[in-house]
Amino acid sequence: MARYEIHGGTPLRGSVTISGAKNAVVAILPAALLVNGPCRIENVPDISDVRILLDILQGMGASIEKPEPGVVVIDCTRVTQTRPDEKLVRKMRASYYLMGALLGRFGKAHVALPGGCNFASRPIDQHIKGFEMLGAAVEETDTYVDLRPGKEGLQGTRINLDVVSVGATINIMLAASLIPGQTILDNAAKEPHIVDLANFLNTMGARISGAGTDTVKIRGVNSLHGGTYAVIPDQIEAGTYMAAVAAAGGNVLVKNVIPKHMECITTKLQEMGVKVFNYDDAIRIQSNAQLRKTTVKTRPYPGFPTDMQAQICVCMSCAAGVSRLTESVYETRFFGYCTELQSMGANIQIAGKTATVIGVEQLYGATVAAHDLRAGAALVIAGLMASGTTVVENIHFIERGYENLVEKLTALGASIRRLED
């Protein structure tokens, strides 16, 4: 079993370069199914979710080349299958983007229900609503979703999401890009990776406007052509390293970031006493004293991201005073990693949607287990700041979304190594 062994207590110093955004690339790769011709996609992180998606697409008939690190050339012109490999689909959450891409390309799809991190119930009812309003006949079971053209065929329309959903926003954008007519999507999610997907599709000939606002307009086109596109930097990876420096102390230049995307995170770190310096494409983080208490409530972008909830909770665990953390996106996300932090000495009390974190002087090394991707990253941060040795198990969750984590942290002076039986 693979695991990380961390000897904590060493401040982090140096620089770290952020990889391409996981949440963007897992939408952009399925979007290549819509394109007639080769797509050269740059700044692609080497993470397990990307490898699984490429295996799925290759199994469907896509041509895939990797001419250099971080670059994937994918040509889906000859893909004819609309039923991707069920076992691979179930290994990751974002595989549900294959539904929208296949519906847009072929007008039909048969996709197994996805897997991935199981930290909360995450229904796809808004995805289904969008597909049905576009004219699809949907059959949903406990194991798959089958999409077919309805009696009137597929046609652009106006869709209002009942709740803000990143996944549904992306899936509707994918499907509508090649569907006749104009689709207007109201109450759309506004995350940076949604804008990145729209920019990718527009580069290939799509007609999408309004991405990053509440209303996205997609006018269907006849076809998309190949091209070159670079994925944006990963907001959550950058935030994770920023939180690590805040928790463990040190002075680190976080490179290849878009500071505007980081404001929701940097504001809270500054409230906790961390020094933050913004540059054109980098952020310097300095932390040399005990952190101060703060209050955080997760919200859709531009609010504080739910994917940074666990990492900020670790920072709170040794902050002076009583901090409060409210989760408004996935209510059960606390359970798992908070128990692991408590085994390291953290004082966390959970009541409904809110965790009350009473700062302690020190965390202590222990053997802990990752329960999902971001919770696993938080446990790594806890190990970096703890006294003694921490072993983090179930690291396959972490490697779904962090490229070269051990190498990057080691370069910053951390004592961490990957062990495998």
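Note that this is a predicted model, so its numbers are computed, not measured.

Cut-off values and rules
- Residues numbered from 1 in each chain as written.
- Predicted model: local features only at pLDDT ≥ 70, side-chain atom pairs only at ≥ 80, totals over all residues.
- Heavy atoms only, no water.
- Patch = residues over 30% accessible without salt bridge, like charges linked within 9 Å, V, L, I, M, F, W, Y side chains within 5 Å.
- Areas by Shrake-Rupley, 256 points an atom, 1.4 Å probe, with all protein chains shown as cover.
- Salt bridge = Lys/Arg side-chain N within 4 Å of Asp/Glu carboxyl O.
- Lys, Arg positive; Asp, Glu negative; His and termini not counted.
- Charge placed at Lys NZ, Arg CZ, Asp CG, Glu CD.
- Helix = DSSP H or I, 4+ residues; strand = E, 2+ residues; numbered from the N terminus.
- Pairing = 2+ DSSP bridges.
- Axes fitted to C-alpha atoms, helices over the stretch in contact; angles between N-to-C directions.
- Contact = heavy atoms within 4.5 Å.
- Core = buried A, V, L, I, M, F, W, Y, C linked by side-chain atoms within 4.5 Å.
- Buried < 20%, exposed > 50% of the residue type's maximum accessible area, 1.4 Å probe, protein only.
- Parallel < 35°, antiparallel > 145°, perpendicular 65-115°, else oblique.
- Left-handed = near helix turned anticlockwise from the far one by under 90°.
- Nonpolar A, V, L, I, M, F, W, Y, C, P; charged D, E, K, R; others polar.
- 1 Å grid on protein atoms, 1.4 Å probe; cavity = no way out; pocket = protein on both sides within 12 Å on 5 of 7 lines; lining within 4 Å.
- Points joined across faces, edges and corners; volume = space filled by probe spheres on them.

Engineer: Report on a negative patch on the surface, specifying residues and quantitative values.
Structural biologist: Side chains of D125, E132, E140 and D142 sit close together on the surface and give a patch of like negative charge. Among the structural elements, E140 can be located in strand β7 (residues 136-140).

Engineer: An account of the sheet that holds strand β23 (residues 415-419) is requested, with residue identities and associated values reported.
Structural biologist: With mixed pairing, four strands are arranged side by side in an open sheet as β21-β22-β1-β23. Every interior strand has two partners, whereas the edge strands, β21 (367-369) and β23, have only one. Averaged over all pairs of adjacent strands, the angle between their axes in this sheet comes to 20°, without regard to strand direction. Strand direction decides the pairing type here: β21 and strand β22 (residues 389-393), joined by three bridges, are parallel. Bridged to V368 within β22 is V392. Where helix α12 (residues 373-385) meets the sheet, its contacts fall on β1 (3-7), β21, β22 and β23, and the angle it forms with β1 comes to roughly 25°.

Engineer: Residue-level account of the nonpolar core, with values.
Structural biologist: Formed by 81 residues in total, the largest nonpolar core has its most connected members in I74 and L201. Discounting chain neighbours no more than four positions away, the residues touching I74 are A32, G37, P38, C39, I41, L57, A62, S63 and I64. In this structure, A238, V296, L373 and F397 belong to the second largest nonpolar core, which totals 77 residues.

Engineer: Let's hear about the packing of helix α4 (residues 97-106) against helix α6 (residues 166-176): which residues, and what values?
Structural biologist: One way to put it is that α4 packs onto α6 with a least axis distance of 7 Å and a crossing angle of 20°. Compared by their axis directions, α4 and α6 come out roughly parallel. Classified by chirality, the crossing of α6 by α4 is right-handed. Contacts from Y97, M99, G100, A101, L103 and G104 in α4 reach V166, G167, I170, N171, L174 and A175 in α6. Its residues assigned to classes, the contact of α4 with α6 comprises eight nonpolar, four polar and no charged.

Engineer: Summarise the packing of helix α10 (residues 309-317) against α12; cite the residues concerned and give the values.
Structural biologist: α12 packs onto α10 with a crossing angle of 25° between their chain directions and a minimal axis gap of 8 Å. On the basis of the axis angle, α10 is roughly parallel to α12. Taken as a pair, α10 and α12 cross one another with a handedness that is right-handed. Every residue of α12 that contacts α10 at A310, Q311, V314 and S317 is listed here: R374, A375, A378, I381, A382 and M385. Taken together, the residues of the contact of α10 with α12 break down into seven nonpolar, two polar and one charged.

Engineer: Now, about empty space enclosed by the protein: what can you tell me, with residues and values included?
Structural biologist: Unfilled space is identified by rolling a water-sized probe across the atoms. Applying the stated rule across the entire model yields three cavities of 30 Å³ or more. In this model, the largest cavity occupies a volume close to 60 Å³. If you trace the largest cavity, you find it lined by T240, Y241, A244, A377, V380, I381, L384, Y402, L405 and L409. By residue number, the principal contributor to the lining of the largest cavity is α12, which donates four residues. In the lining of the largest cavity, the residues fall into nine nonpolar, one polar and no charged.

Engineer: Give a detailed account of the pattern of salt bridges, specifying residues and quantitative values.
Structural biologist: Using the criterion set out here, one finds 20 salt bridges in the structure. Across the pair E86 and R90 runs a salt bridge, and its minimum N-O distance is 3.7 Å. Judged by relative accessible area, which is 31%, E86 ranks as partly exposed. The partly exposed category is assigned to R90, whose relative accessible area is 36%. If you follow the salt bridges from partner to partner, you end up with K22, D49 and R400 in one network.

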